[in-house]
Amino acid sequence: MLWSYILKLVVLLPLVCGLMIGCLYAWRKLEGRLNKQQASRLINVQETMVLSPGLRLAVIEFEGKKLLVSVARGGVTLIDKGGSL
């Protein structure tokens, strides 16, 4: 009787701890992707495209205008100012 309890404890305790750690890791990864009241924001990222591992293009909406920017490790560069929406 005691051995079956110890066996269950040895098997299930690491399983439960692993599931908890996995859930916390997934929550941390996905938390940034959740839409948090985008309607009240002044700046809205419409779309992004990865060109290379350190370079991406982004379309940003600000005050009714669309801006095309290049985002790199060195900083952000404005490429084009689009018209109003």
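First, a word on scope: everything that follows refers to the structure included in this document. (Residues numbered from 1 in each chain as written. Predicted model: local features only at pLDDT ≥ 70, side-chain atom pairs only at ≥ 80, totals over all residues. Heavy atoms only, no water.)

Structural notes on the overall build of the protein
Thought 1: When helices and strands are tallied, the protein shows one helix and four strands.
Thought 2: Counting from the amino terminus, helix and strand elements in the protein follow one another as α-β-β-β-β.
Thought 3: Buried residues in the protein amount to 5% of all 85 residues.
Thought 4: Put simply, of all contacts in the protein between residues at least 6 apart along the chain, 1% involve residues at least 24 apart. (Helix = DSSP H or I, 4+ residues; strand = E, 2+ residues; numbered from the N terminus. Buried < 20%, exposed > 50% of the residue type's maximum accessible area, 1.4 Å probe, protein only. Contact = heavy atoms within 4.5 Å.)

Looking at the side chain of Ser-70
Thought 1: Tracing the chain through its elements places Ser-70 in strand E3 (residues 65-72).
Thought 2: Excluding its chain neighbours within four sequence positions, the residues that come into contact with Ser-70 are Leu-55, Arg-56, Leu-57, Gly-75, Val-76, Thr-77 and Ile-79.

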